[in-house]
Each structure stands twice: as structure tokens, then as C-alpha cells.
There are 4 protein chains.
Amino acid sequence: MTTAPPDVLRCAYAELVVTDLVASRAFYVDVLGLVVTHEDAGALYLRAFEEYLHHSLVLRKGSTPALGVLAYRVRSSADLDLAEAYYRALGCRVERRAAGTTRGVGEAVRVLDPLGFPVEFFHEAEHVERFTQRYDLHGAGALSRLDHFNLDTPDVGAARKYYEGLGFRVSEDIRDAEGTVYAAWMFRKPTVHDVALTGGDGPRLHHIAFASHERHQILHLCDHLGALRQPGAIERGPGRHGVSNAFYLYLRDPDGHRVEIYTHDYYTGDPDNPVITWDVHDNQRRDWWGNPVVPSWYTDASLVLDLSGRVQPVVARAEPREAGVTIGADGFSFTGGAEFKLGEQV
Amino acid sequence: MTTAPPDVLRCAYAELVVTDLVASRAFYVDVLGLVVTHEDAGALYLRAFEEYLHHSLVLRKGSTPALGVLAYRVRSSADLDLAEAYYRALGCRVERRAAGTTRGVGEAVRVLDPLGFPVEFFHEAEHVERFTQRYDLHGAGALSRLDHFNLDTPDVGAARKYYEGLGFRVSEDIRDAEGTVYAAWMFRKPTVHDVALTGGDGPRLHHIAFASHERHQILHLCDHLGALRQPGAIERGPGRHGVSNAFYLYLRDPDGHRVEIYTHDYYTGDPDNPVITWDVHDNQRRDWWGNPVVPSWYTDASLVLDLSGRVQPVVARAEPREAGVTIGADGFSFTGGAEFKLGEQV
Amino acid sequence: MTTAPPDVLRCAYAELVVTDLVASRAFYVDVLGLVVTHEDAGALYLRAFEEYLHHSLVLRKGSTPALGVLAYRVRSSADLDLAEAYYRALGCRVERRAAGTTRGVGEAVRVLDPLGFPVEFFHEAEHVERFTQRYDLHGAGALSRLDHFNLDTPDVGAARKYYEGLGFRVSEDIRDAEGTVYAAWMFRKPTVHDVALTGGDGPRLHHIAFASHERHQILHLCDHLGALRQPGAIERGPGRHGVSNAFYLYLRDPDGHRVEIYTHDYYTGDPDNPVITWDVHDNQRRDWWGNPVVPSWYTDASLVLDLSGRVQPVVARAEPREAGVTIGADGFSFTGGAEFKLGEQV
Amino acid sequence: MTTAPPDVLRCAYAELVVTDLVASRAFYVDVLGLVVTHEDAGALYLRAFEEYLHHSLVLRKGSTPALGVLAYRVRSSADLDLAEAYYRALGCRVERRAAGTTRGVGEAVRVLDPLGFPVEFFHEAEHVERFTQRYDLHGAGALSRLDHFNLDTPDVGAARKYYEGLGFRVSEDIRDAEGTVYAAWMFRKPTVHDVALTGGDGPRLHHIAFASHERHQILHLCDHLGALRQPGAIERGPGRHGVSNAFYLYLRDPDGHRVEIYTHDYYTGDPDNPVITWDVHDNQRRDWWGNPVVPSWYTDASLVLDLSGRVQPVVARAEPREAGVTIGADGFSFTGGAEFKLGEQV
């Protein structure tokens, strides 16, 4: 490929199709505390407290829960032309969208990427008030900004190569001694990731993640859901990831879409940032404290739509599955005293 | 005195006269997050999240800001008779109040105590829902419970003796080498204090204090007031006390009443709990980090009412004042490298 | 019984028999950060940062891991005579121990209580420096003080009655609609408990617990164990209890003794403190977030010694077991959408 | 200027001349908890827990406290040639330094920049272990990474123009209605700053800053210094900045060099990141809570050396000084009810 890719700044917003906007609002606004930039009968446009673009999450009413689109912001409007050319050269379906086609977003290029995900590139977006210091509005579980997307895709190696073509770099990955890659974390902004590639049946959206400043904000979300008698919304965590070092919590929204709340990862912006490789048999890779990963976390994910709004078919992973090589007969990840080895950390 | 004192459990509620209930509500409910048990045109009855009695703070509308009453809860109804006899023997004015005279409070005995403060003793009170786990209602600055009262009184030694008669014990105090006592902290419940006695012109109320679980809740109150563009409500702190080890913040309400938010003190319930004596010249006694005490913290306090609702006259302290022996020419507490000595800590 | 019980202040110390003092020291001193008051070839005497008595934990070298003794502090030396008479009247084996028989502890009365536990009562103890403000020595996981004991006993109703006889009161319990009591939390100092009674084969020690000030200190202990590649020491949590509202973590020491780290419970000192009853089928009773309880937490506990140092026989619980009525086929506590009902909270 | 500037990644390390390495080690290693990469009789090479280059701070023994050099890392070795050409074109003194001239650092270009500061550009550096997850070594006040430099310079407008030439962008600044610029915050990595320009007599180093993850780590440093009876090392704070939103603390090392500890700023990496302009009369610009700025914070700063190790002469600021327009007769920043206006925040 000789066509230059667009200059991606960072993951910017996701659109999720939800079946009940009232229930979704109760979860994303009343519990997670996201700020409503705009809402109407068909959609909610939300942002976190430190974001000044129109939204980082769109919840659009529909009949089937699914991922509508993943959007990356590019450095300039000229990158839209690069994106168009780049994906045409890749043989992908590409659509040019006029400014305002998505409320608050300028001109955009939407593609069905080689992994089967609907992806948008945009530069212009409406500015709204940044609520960084509107502490009068911050709840006990205040979220700062969208942090990353996590995607299920059958062939992590191929997906990684595709994203490297887009200029993303790997910060960490999970492998085994036979060379199988189970997952990779890739970034443009200098955090651990803008997108994680998880080996699994795909294309499916594993989760989107928002960052908070401190861990007590994450703990409060659990307490809050407990008080609402909705502990079932807490799927996994809170805990400390081995990969990324982030403190994490995985929630499931009313449609089953997974949302991670995440803090404490690290700066990756230098070109020689050390890649950390974890052995898939290292029991601390997914949880630094060795707590088991619930099976649903490995199996469940959101379907994704194509550019026409039809559900994309799911292709099964051919390589070994992480759960298959690490989960015991009890259905839970192995926890215990067996030997393991840590990947090179420098 | 041979009359037995009532068995005091703990400091239980304060009534403050405020001039503008709307402004007070904005401060105590919207910023501090206290729960409204009842409100009407004349008063607000508030409690913190872990409290199950009707209120721990009453804000009563009046023309002059003042302390209306300090209330201690006693172990049983029989203690009311003890209280009545005890204060009559002391020659104090005593009033018996029928249940419901104060909303939510059962039968009570009110006295004008020997220090000139209006004090109530009660046992019965209406139970309301304890919101300990109502995390859906907790804000980022959630308060747990009333912790203590702090009183300005001219003669700390005499006041201490009076409170010892009531069964309170000293946890910490501030003295100088000449024997002057500048302040003393006294308790019934096994924390550092239910009441602190501060040497100064009195009777005046220096502050009331609420406890939070963690320090970030206190920091949020500052951020919240900053967002409201009311930094002037932050009088002193946040900081770490030397005395009590508590992390603290002093706020001033719209009428100038001082409210402390407080966490991290320690268990004092064993009978041989070591008394800590601080030298008044120890620059870390009031702030463990050596940050200066603002002059208003030493000079300002709320007037108190007698049992008829008239403002009590203030008697000047005759002994040296803490500010006088520690504050420099710049109007701030001395901070710096001079010698000091720590009191015995065991 | 007409004999008056001793006036118990609080749970005061435990002695655990451990098989390897070096390994125990690495856990209790290097990870938990407890302060060493004294150590010799046969024992370690440890305390937390806010404690001024000689120790709150003794680790004594022996061949079989077991609980050596649970000690309660009483209000005065006169209470030792009361204890002796009280337990003789109960028909228990009673021993009077001279001051210094346990290093740092004065005269004591040891009994084998009706539940089969070795229990000591003492008043006098050696004072040592309280490290409340020795922040130069506090690690990131600093512990403040011993908080409670948790005991496995077959008949919780009988055990509760016995402890009520000693003047303890119930703060919370777990029951079912048929009247079975699965656990009860009881206190003398005004926290949720000094002792918890857990229905199970007994007498066995379920755990001892230390309190920290904030949750991040507990989270650090997990991170620390992760860094040591000892995630197996983390048995359950961290999480938020339904019962007690405390934020918790359960660790297992090198001999399998269970230690809880605990914070955020509430004041219980008023005589009408509302008792909270939880339904055993309420999935949030043990974890407010609905996270499953690992089976070992229900099954494992430490054996206890009699006054002669022989292991006490264990009696099986006859009533239904909490795990039996709540754990699914996967071996984990039920988590999910079924109906449950919360006990009365006022 | 048509010469291209080097591509600066971020601020990378500072070298401070200190007079007593033992005292400096007690401060930077024992209190701040920085990791020692190397030490010898003449210098200490330190890094924070998430850093994998050899050092982010060098303390070099010398007779006069001063800034030895500020170092920026560039994207590639080719940028060294760009740096050399760029500064020669600016007429600055430029030195090429062989790899290892500074221990752990590869080939470098040192210049005396137009503002009078000794500045180094390097790309290659020795990798060492990243201690991100070495929680066994993290203290309660663990620091993550170097965050920024803050420089006193007489003409902020000129300095800003110079740094814009180097590719830095402004995130926030402080101005008045007459057009005077008092300070500007500028960045390459997408945080609020890599360098802040403070209007004052210069060239002087106002401070260097390290980032922590959470605020309690900063509060611990205060507690730790209190325990050491060194509260004088705490110059200002802790508090919340208006500018940057960061939670801050300013310490003074044994030689008077100022070190900030800093957390909670925000992502600035999008090209249209809104610049926030604060009015110099906005009393919340320097402290969101309105707490006064101590005078020494405005007046004191470290001298800087030229490339030959001689102290650079200091040029007085000609424009109005921030302290001059905001500090009252009491010597402290104005705090109170006067009108102010907030800069545009979108």
C-alpha cells in the first residue's frame, strides 16, 4: 500500500443502538453521570466532564442492540481525503457524509473497515462547554473522557497489521509460546490504547471505556448500582489489570453493551516505549490480583452494523481462544499457585 | 456536688439561627449534601447519611445569626431527671420541654449551662431512614454524621472541670510552660471529641463539625465551592490537624457560622487512652503541615442565645490568647524553623 | 445467671500459631505493614499504627497452625474477678495468669468459653508509642487498629445468647424466612462488631480483621501482593459488604489463617441502634455489588486450641449452611436477577 | 527563521546543583520516594516509578544551588542535527556532547537558549526497569513521572513566541485587560504543559514537577514531612489550581529548589484544544479554592548556570508583576469578595 493513511488523533466517539432510551438514560446519565449535550426522541448525545466536542457517545434508538459506528478524530480536514483514498485502495466500502449528518459532527468519511467494523473519520465537530471544573455537576463517580474501544476480531495478528498501517503502535499484547496472539493494545494518543484487539468471534464490540481520575470514583459506581439493587450490571471487577496497569470495572448497560471504567494507565508517547508481552498463562495478565475472569466477559460482545444498518455476520476465531487455554472446569479462569512467567517488561 | 450527672452518649444536634433559609439550604443541602428530613417556612431539619435520628442540625429562621441550642443525647429517659436535678444543683436555669417541642425530638431538658451555653438533653427521637447505603443519593462530598461541637469559652480550665463533672474525658489539649491552657478536646463517644473547648471570648460557638469517610470527599467540597465561585466560603484548610490527627476543612455558612468537615481521627475508648498535650508554640499543633491559621479562625465565632432567645453577653478571655502568643506581625500564625517541643504522646 | 459479667471494652488481641515465623513476618510486617513491638525466636508481637498497647496480634511459632487465644480488654482489674466468677458459674475451665505470662500483658483470666474458644480477659498492658502520626513509617497500605474477630460456631442462636450475656449487642444478622440464623455481628465498642458469629463447623476462627482509614490502602495491599507474585494470598475481594457497609478484603496468611482488611463501617453506640436483618437469599448481603463469594471463604477456617494447647474438636453445624442455600452448581454464590428482599433497615 | 526546529517529545530531565547530597537524598529518595538509578560521590540519578529512561532528575553536588540543565527528549537522533542548526541560526551558543557525557544519556546538543536557560536535546538514553507495577517498592506518596518545568522569565510574550517556534502550543495563560501576559502554559506531550513561563526576574527556574496518580499520594507527602518535623519544606498547598485544574503541592528541597507534585490535569492533544485565558484578577486562577499564595512562591526561584557552569545574570521583569497587582498589604494574595471575571473556557 503506498497510499498515506489519515493522521488519526484518537478514538473519539461510539454510536450504540439501544432498544429503550429511557432505560439507557437511567444507566448512562443517572448512574455513569455522563453529560447530555442533546437528546431527542431518537437519540442521546453524551459526553464526559473534560470533553469539549459535542459528544463521545451516541445512543440511538433501534430494534436490535448493536454497535452503530466507531469514530476516530483526524488531525485536519485534509485527512478526510486521505481516509477516502486509503480505504478505497483497501477495497473497502466508503461513504462521504456531509457535515451535520451526525448531529454535532462535521464532514466525515465512513468505511466498513477490513475487520468488518463500521468506522468514521472526522475532524470538525461542534464545541461545547468543557465541564472540567464544573464540580457543582460532578457526581461521586465522575468520568473524565472516553478512553478506548475494545474489539473482538478472529485474527489478532491480521488486525494488528491493519491498525499499524493506520499508524497505531502496540503497547502490550498477550501471546503464548507457540506464537498465538490472543490480544493486542494499540494507541495513537499516548496512553496504553485507543483500540484493543481481542481474539474472538468477530466483528463484535467487546466494550467502550471511559476514564476517571481516581479509583474511588469507580468504586462509587459499584456502590451506586448496589443501592439501585442492580448488582447484575456489574459484570467484572473492580480490579487492577495486569495489562495496562489500569484499575478497571466492567458494567453491562440495559442492552448488554459492555462499558469499562478505567484509570491509572501510563504514558506511552516516546517512540521507544517498551512493548510488554504477557504470557497467556500468566494468571495476573487480566487481573493483577489473580481474581477470576467471569466467563461472560470472554463470550459476550455486541454485534456491529454495516454502513446500511444491517447486522454484520460474525466469523468464528480459528486460533485457540484465551478462555479455552486458561479457564478451568469450573467455568472460571484459573487462579492459583501454578507456574507462570511474565513477559519482558523493558 | 453529689448529684449524679446524666449519662451522655454523644453530641447529637445543634440548632443555628440563620437569616435566610434559601441561602442556608443552598449551602447545607446543595453543597454539603445534608439530607432534608423536614422543612417548612421557619426551619430546616437536616441529617447526614449515616444518621437515623430525625436531625443532627436544625436551621431556624431568625433575625440575628446565633447558636440556638447544643443538644446531647442521653442513654435513657431517666437521665432527663438526672439532668434536671444536676443543673438545678448547679444553680442553672432549667426548662423541661414536652415531646415534640422540637420537631422529631422527645421530652427534653434545656439548661443554660455554667459556661453560658444553651444545652439540651434528650433521649427519645423519631427514627428515620438511615441512608448509609443509599449511594444513589450520596454526592461526591457525602457526610456521614455529626462529629463534635467546638466552643469558645474564656476559662478553659474551668470549662474542662465542668465537662469532666458531666463525665467527659480529655483526649488532647494545648498548653504552655506557664500552665496556661489554650484548648481541650473532650469526649463521651470514643472519638477524639464530642466537644472542644477553645480559649476565647465566650460563650460563643466556634464551629460544629461533620465527619466524612475519606479525604477526597472533603476536597470535593472545596472544588464544588470553587465551581460556584464562592471560594470565600472556604476559611481554612484543607489540612491535617496536629491535634486529633484529623484531616480538616473549615467553611463559613452564609451567616458566618463555621462548619468543619473532619475525618481520620482515632479510637479513644479505653480508660487509659493517652492524653496528648501540645505546646502552644508547637507550630504543628493546629496544622500538621505547618500551614498558617488565618486570623479570622481565631477571632470569629457565633453568638449564642439564652433560653429566652436573647443573645448572651460575651465575656473576654483574661488569660493569654493562642493567637497572641503564636501569630506574627503579618497577621498570620508563625510558620518556620524556630524551636518547638512536642507534648508527651504516650 | 445472676453473676455479673466483666465489663468488656473491645476485642484486643489474637494469638495465632504459625509454622514459619520468617514467612509470617514477610506477610504481616513486610506486606501488611504491622509494627513490630517485640520479636524473638518463638514469637512476633505486632500492633497497628494507632495502637498504644503492646500488641494486637501475637504470632507464636508452633507445629500446627491454629488460634491460640482471643483476648478482650476489660474496663478495670476488678473485672478479672468478675470474669473468673462468671465463667466458673458457667462451668467453664478458667485459669488465672500472672502479669507477664503473655509478654506485655498484665494479669489475665483465660477461659475455654462455652463455644469452645480459648478467650482471655485482661486490663493492664504495657503502653508503647502510638504511631498515629509517624507517617514516615506508614506504608501505602497502612493499618490503623484491630477491628474484630469472626468465629465459626455451629449454633449462631446459642452463641448470640452467650455473647449477649457478656453485654454484647447485635448490629446486624443474616436469617431466612424459616427462622434460621446464619450469622450475627456483635459489638461492645460502638462499631458494627467486635465479634462476628458465623454459622459453621466450630469452634474455628474464621478471621481476624484490621481497620484502615481509606479504601486505597486496601487496594494497595492487593497491588503489593500482585507485585510479589502472590495473588493466591488474595482470597476474596476487594469489595463492599452489604452487612456492615464496610469495604473489605480477605487475605490468607502463609499458614492459611484468614485476615480481613476493613474500613467504612458506622457508629452503633446509641442504645436504640437499629438492627439490620438481611435475608440469606439477598444476593447483596455478603457483597453489595453482587460479586460471588469464593467457596473457600465458606469452608475454610483455623482450628483453635484449648487452654492446654491441644486442638479443639470441631462440631458440625446441624442447621442449613449459608453456602448450601445460596451457592449454585458452579460452586460460586448465586449472582443474578432472582428476587430477594432486604431486611428492615430502620 | 526558515530552519526547522527539532521535534520535541516532552520535557525529559532536569539537573539541579545541590550542596549536600546526603540531605538531598533524604528529601528526594526517602520522602519523595524517587528511585535511584545510580549514585556516586558526585551525583544522584533518579527516576519516578513509571519511567524507563535512566533518569528524570540528576542531583549534582556543587557549591552553589542552581539549575544545571533542562533536557527535552526529541523524536529521533536526526533531530539533534536540527537542534544544532536551529540554535546556531538563533545565534545561541551550542555544544555537541558525546554519548555518555551525561551518564545514561546518548549523544546530545546543549544550548544556552534565547531566554538564558541551559537546555539539552537528546534522543538516545539507557533503558532501565519500569517500576509501574513494582508496588512492593511504592510508598504511600508514589510519584509516576516527571511532568513539567516552570521557568521565570521577564518577558512572557517573547518567551511564548520562542517556544511556539519550537512547536509548543499554549493551553492556558494569565493576562490582564491591558494586555499584559503574566504566565503561559505550553506543551508538546498532550497534557497541560511541558513548560510553564512565569513572568518574573529571569532566567530562573521556578520549579520542576512530578505527577502522581491520586491526590492522597500528595497528601501523604505533607503528612510525611510533618512526621519528620520539617513542615517548612511545605511552601504552598496542597490545593487545586484554577489553571490546569491540577491538584498541587509545592515543596522546597534542602537547597531551596522548588518541586511541585501534581495530578488531575487534562488531555490537550487535539489541535483545536481550547485555550483558557484567566484574568490576573481572578482570585481562583492560582488556587481554585481562593487560598492565598505565599509571597515566597512569587519571589523565590533557582539561579541557572550557563554552559560553562557560571551563574547566569538575572534580568528584572519590566512589566507589572502578578504579585504586585494581586497581593494586599498583608503580604498575601487577595482573597475575598471582589469582582472578577473568568476567561473564555471554550
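Residues numbered from 1 in each chain as written. Chains lettered and ligands numbered in written order. Predicted model: local features only at pLDDT ≥ 70, side-chain atom pairs only at ≥ 80, totals over all residues.

Colleague: Describe the overall build of chain A, with residues and values.
Modeller: Within chain A one finds six helices and 18 strands. For 346 residues, the compact-globule formula gives about 20 Å, and the C-alpha radius of gyration of chain A, at 19 Å, lands near that figure. With the principal axes as the frame, chain A shows a C-alpha extent of 55 × 55 × 40 Å. Taking all 346 residues of chain A together, 59% fall into the buried category. In chain A, of all internal contacts separated by at least 6 residues, the share reaching a separation of at least 24 is 69%. (Helix = DSSP H or I, 4+ residues; strand = E, 2+ residues; numbered from the N terminus. Rg over C-alpha atoms; globule rule 2.2 N^0.38 Å. Buried ≥ 20, exposed ≤ 12 C-beta atoms within 10 Å, placed from the backbone. Contact = placed C-beta atoms within 7 Å.)

Colleague: Talk me through the sheet that holds strand 8 (residues 118-122) of chain D; I want residue IDs and the actual numbers.
Modeller: All names here are of chain D. What the eight strands build is an open sheet, ordered 2-3-4-1-5-8-7-6; its pairing is mixed. Strands with a single pairing partner mark the edges of an open sheet, and in this sheet they are strand 2 (35-39) and strand 6 (94-97). Along the sheet, successive strands turn relative to each other by an average axial angle of 20°, direction set aside. Direction of pairing for strand 3 (residues 43-47) relative to strand 4 (residues 57-61): antiparallel, over a ladder of four bridges. Pairing of Leu46 across the sheet is with Leu57, part of strand 4. (Pairing = 2+ DSSP bridges. Axes fitted to C-alpha atoms, helices over the stretch in contact; angles between N-to-C directions.)

Colleague: A description of the interface of chain A and chain D should follow, citing residues and the corresponding values.
Modeller: Listed by partner, the interface residues are 27 residues for chain A and 27 residues for chain D. For the side of chain A that touches chain D, a count of residues per class yields nine nonpolar, eight polar and 10 charged. (Nonpolar A, V, L, I, M, F, W, Y, C, P; charged D, E, K, R; others polar.)

Colleague: So what's going on with the domain arrangement of chain A? Residues and values would help.
Modeller: Residues and elements named next belong to chain A. For chain A, the domain assignment lists domain 1 (8-122) and domain 2 (147-304 + 318-326). Each of domain 1 and domain 2 has a C-alpha centre, and these two points are 20 Å apart. With 24 residues of domain 1 at the interface, the matching set in domain 2 holds 28 residues. Elements supplying a minimum of two residues to the side of domain 1 that touches domain 2: strand 1 (8-18), helix 1 (21-31) and strand 5 (66-74). Residue contributions to the side of domain 1 that touches domain 2 peak at seven residues, all from strand 1. Tallied by class, residues from the side of domain 1 that touches domain 2 come to 19 nonpolar, three polar and two charged. (Domains from an automatic or database assignment.)

Colleague: Can you lay out the sheet that holds strand 5 (residues 66-74) of chain C for me, pointing to particular residues and giving the numbers?
Modeller: Residue and element names in this part refer to chain C. Spatially, the eight strands line up as an open sheet ordered 2-3-4-1-5-8-7-6, and their pairing is mixed. In this open sheet, the two strands that pair with only one neighbour each are strand 2 (35-39) and strand 6 (94-97). With strand direction ignored, the average angle separating the axes of adjacent strands in the sheet is 20°. Bridge count for strand 7 (residues 108-112) against strand 8 (residues 118-122) is five bridges, and the pairing is antiparallel. When the sheet's bridge partners are listed, Ala108 is paired in strand 8 with Phe122.

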